[in-house]
Amino acid sequence: MKKVDVIVIGAGAAGLFCAAQAGKRGRSVAVLDHAKRIGGKILMSGGGRCNFTNMYASHENFLCDNKHFCKSALSQYTQWDFISLVAEYGIAYHEKTLGQLFCDDSAKDILSMLLSECDKAGATVTNQCDVLQIEKGDSGFTLQTSKGEYQCESLVIATGGLSMPKLGASPFGYKVAEQFGLTVKPTRAGLVPFTLHEQDKNVLAELSGISLDASASCNDISFNENILFTHRGLSGPAVLQISSFWEPGQAVEFDLYPNGDLYEQLHKAQQSQPDVLLSNALAAFYPKRYVQTVLPYLGIENKPLKQYQGKSLNEVAQAFHQWQLKPNGTEGYRTAEVTLGGVDTDFLSSKTMEAKDVKGLYFIGEVMDVTGWLGGYNFQWAWSSGYVAGQVV
Ligand code: FAD
């Protein structure tokens, strides 16, 4: 039997960070993970460069049923605190866009930093360890695992969400929550590409590989980044962002000329080059292959510009400004970056992440009903929630 002060289940971003914090306070800490390899998601993140935080992170960049829940943790450990730590380790980084900070070299640098922080703090990390049973007694928790029995005073659940099962994702954390009487909000895939109905897919798959500036809107929120046509459907940052807000059956509206007035541009072209075909005029703003495919798909006739009389030129422009698409669904957890929903924050302290009615039990990171936008916000939540729990476990 092994006895420690703190057990953290899940050696991902939140779990490792929390373990290091607790270890620094002199607590004995064991981190247990069932995966063969530690930190798989970190290594894959940000296309291998880990978008480790966002300079503009605030509680407004998170989906959570309680809009105020994230405020305390995000202010106790901010993006600037994590940036200082990254700098302390001499990890070179850059802003890619919109405040998103990526490693110059590799996500391996972030994982090595976390493991080194754990090592310095004396926190041990054990992989390939299945937790079979958890029991709570008066003085703490007893865990039966595939590597023997453990006892601890504080138990931190950092097992993440359901996305990317190949990297070790499991519903374990939700089951522990339910075991101790906490509610779990329904989960679904977030930051995930859309799949399309057959009639859209048959046409749009031909555009595979084309990326366009666009804003995507749904349920009173818009994201202006870009979209990418793929052979399975639609992806790209604006699509991933809006997928977290989209409900099945709804349409998403895309503005495919988001930073200007397409009618004004077409009208100018009509004045200066009345004999030019619409497709050629549009080719000034979009790839030719896109224009050729999309005009018939949108039911727009391709004629010389002078033939668009009355409101018809404006109608063409509006078809690009307000393209409505009803996705068939999403690619699901297989490719989703995050899981929406999770352990209900009403049952947790926003200051420490401790379960309000179960002394010594904590939930941190993505397992909770806190989901960040695309852009480094999810890792910031892992650091901030892991930090605050790490100060008190
Ligand atoms: P995880 O990092 O998922 O860690 C959970 C750990 O728990 C895993 O090690 C898992 O093996 C372990 N575990 C699960 N079940 C059990 C069990 N039953 N027993 C023991 N251990 C268990 N976010 C960003 O902010 N920036 C990015 O660049 C970014 N890129 C991403 C790219 C991809 C491909 C994906 C999938 C996600 C990306 N994310 C990104 C999201 C981010 O990775 C997660 O939000 C973050 O890792 C959550 O941290 P976590 O510690 O809560 O969970």
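Small disclaimer: the values here were computed from a predicted structure and weren't measured. (Residues numbered from 1 in each chain as written. Predicted model: local features only at pLDDT ≥ 70, side-chain atom pairs only at ≥ 80, totals over all residues. Heavy atoms only, no water.)

A. Focus on the overall build of the chain. Of the regular secondary structure elements, the chain holds 13 helices and 21 strands. Viewed in the frame of its principal axes, the chain has a C-alpha envelope of about 85 × 40 × 35 Å. Counting the 393 residues in the chain, one finds 54% classified as buried. If you take every contact in the chain between residues at least 6 apart in sequence, the share linking residues at least 24 apart comes to 72%. Carbon and sulfur atoms form 48% of the exposed surface of the chain, whose accessible area is close to 17000 Å². Across the chain, the centroid of the 33 positively charged side chains sits 4 Å from that of the 40 negatively charged ones. (Helix = DSSP H or I, 4+ residues; strand = E, 2+ residues; numbered from the N terminus. Buried < 20%, exposed > 50% of the residue type's maximum accessible area, 1.4 Å probe, protein only. Contact = heavy atoms within 4.5 Å. Areas by Shrake-Rupley, 256 points an atom, 1.4 Å probe, with all protein chains shown as cover. Lys, Arg positive; Asp, Glu negative; His and termini not counted. Charge placed at Lys NZ, Arg CZ, Asp CG, Glu CD.)

B. Here's a closer look at the sheet that holds strand β5 (residues 93–95). The strand order across the open sheet built from three strands is β3-β6-β5, with neighbouring strands paired in antiparallel fashion. Whereas interior strands pair on both sides, the edge strands pair on one side only; in this sheet they are β3 (51–54) and β5. Adjacent strand axes in the sheet meet at a mean angle of 30° when their direction is disregarded. Running at roughly 140° to β3, helix α4 (residues 79–88) makes contact with β3, β5 and β6 (100–103) of the sheet. (Pairing = 2+ DSSP bridges. Axes fitted to C-alpha atoms, helices over the stretch in contact; angles between N-to-C directions.)

C. Broad picture of the environment of Ile210. As for its placement among the helices and strands, Ile210 is situated in the loop between α7 (198–204) and β13 (211–218). Between the C-alpha atoms of Ile210 and Gln241, which are 31 residues apart in sequence, the distance is 18 Å. For Ile210, the residues in contact, after removing those within four places along its chain, are Ile227, Leu228, Phe229, Pro287, Arg289 and Tyr290.

D. Structural view of the state of the cysteines. The final tally for this structure, using the stated rule, is zero disulfides. Lacking any disulfide linkage, Cys64 is separated from the closest cysteine sulfur, that of Cys70, by 5.2 Å. With no disulfide of its own, Cys218 has Cys64 as its nearest cysteine by sulfur position, at a separation of 20 Å. (Disulfide = S-S within 2.5 Å.)

E. Examining the UniProt feature "domain: RsdA/BaiN/AoA(So)-like insert" (unreviewed entry) in the chain more closely. Mapped onto the present numbering, the UniProt feature "domain: RsdA/BaiN/AoA(So)-like insert" (unreviewed entry) falls at residues 188–338. Between the C-alpha atoms that bound residues 188–338 there is a distance of 9 Å. The span itself is 33% helix and 23% strand. (UniProt positions renumbered as here; feature names shortened; annotations may be inferred.)

F. Spotlight on unusual backbone geometry. Located in the positive-phi region is Cys50, a residue other than glycine, with phi close to 50°. Structurally, Cys50 is set in the loop between α2 (40–48) and β3.

G. Local environment of the packing of helix α1 (residues 13–24) against helix α13 (residues 377–390). Closest axis-to-axis distance for the α1/α13 pair is 8 Å, and the angle between their directions is 30°. Comparing their axes, α13 and α1 come out roughly parallel. Two packed elements cross with a definite hand, and for α1 against α13 that hand is right-handed. Across the interface between the two elements, Ala13, Ala14, Phe17, Cys18, Gln21 and Ala22 from α1 touch Phe379, Ala382, Trp383, Gly386, Tyr387, Ala389 and Gly390 from α13. Considered class by class, the residues forming the contact of α1 with α13 number 10 nonpolar, three polar and no charged. (Parallel < 35°, antiparallel > 145°, perpendicular 65-115°, else oblique. Left-handed = near helix turned anticlockwise from the far one by under 90°. Nonpolar A, V, L, I, M, F, W, Y, C, P; charged D, E, K, R; others polar.)

H. Quick peek at the nonpolar core. Ranked by internal contacts, the top residues of the largest apolar core, which has 83 residues, are Ile110, Leu143 and Phe363. Element by element, the count of residues in this core is highest for α1, at eight residues. Setting aside residues up to four positions removed in sequence, Ile110 forms contacts with Ile42, Cys50, Phe52, Phe82, Val86, Ile91, Cys103 and Trp383. Judged by nonpolar contacts, the second largest core, of 45 residues, contains Ile227, Leu266, Leu295 and Ala317. (Core = buried A, V, L, I, M, F, W, Y, C linked by side-chain atoms within 4.5 Å.)

I. Fine view of the site of the ligand. In the region of the ligand, 28 residues are neighbours, and Ala14, Asp33, Ser170, Glu366 and Phe379 sit closest. Glu366 has a polar side-chain atom sitting 2.7 Å from an oxygen atom of the ligand. The contact in question runs from an oxygen atom of the ligand to an N or O atom on the backbone of Phe379, over 2.8 Å. Against a free-state accessible area of 1000 Å², the protein chains account for coverage of 94% of the ligand. Each residue belonging to the shell around the ligand can be placed in one class, and the counts come to 11 nonpolar, 13 polar and four charged. (Near = heavy atom within 4 Å. Polar contact = N/O pair within 3.5 Å; in protein donor to acceptor, adjacent residues only side chain to side chain.)

J. Focus on the domain arrangement of the chain. Domain annotation of the chain identifies domain 1 (2–189 + 339–390) and domain 2 (194–330). Taken together, the contact pairs eight residues of domain 1 with 12 residues of domain 2. Note on domain 1 versus domain 2: buried area summed over both sides is about 770 Å², and carbon and sulfur give 58% of it. When residues of domain 1 are sorted by the area they lose upon contact with domain 2, Arg188, Trp373 and Leu374 head the list and together hold 61% of the total. In this assembly, domain 1 and domain 2 are joined by one salt bridge. Arg188 is the partner of Glu247 in a salt bridge, and the nearest nitrogen-oxygen pair spans 3.9 Å. Taken together, the connections running from domain 1 to domain 2 amount to three residue pairs in polar contact (both at pLDDT 80 or more). Per-class residue counts for the side of domain 1 that touches domain 2 are six nonpolar, one polar and one charged. (Domains from an automatic or database assignment. Buried area = accessible area lost by both parts, 1.4 Å probe. Salt bridge = Lys/Arg side-chain N within 4 Å of Asp/Glu carboxyl O.)

K. Structural context of the UniProt feature "domain: RsdA/BaiN/AoA(So)-like Rossmann fold-like" (unreviewed entry) in the chain. Those residues carrying the UniProt feature "domain: RsdA/BaiN/AoA(So)-like Rossmann fold-like" (unreviewed entry) are residues 5–391 in this numbering. Annotation note: span residues 5–391, helix share 32%, strand share 25%, distance between end C-alpha atoms 13 Å.

L. Seen up close, α1. Taking 1.5 Å of rise per residue, 12 residues should cover 16 Å, and α1 covers 17 Å from first to last C-alpha, within 8% of that figure. Of all 12 residues in α1, 11 are buried; the element is thus mostly enclosed. Of the residues making up α1, those classed as buried are Ala13, Ala14, Gly15, Leu16, Phe17, Cys18, Ala19, Ala20, Gln21, Ala22 and Gly23. Gly26 sits one or two residues past α1 and shows a positive phi near 90°. (Expected span 1.5 Å × (residues − 1).)

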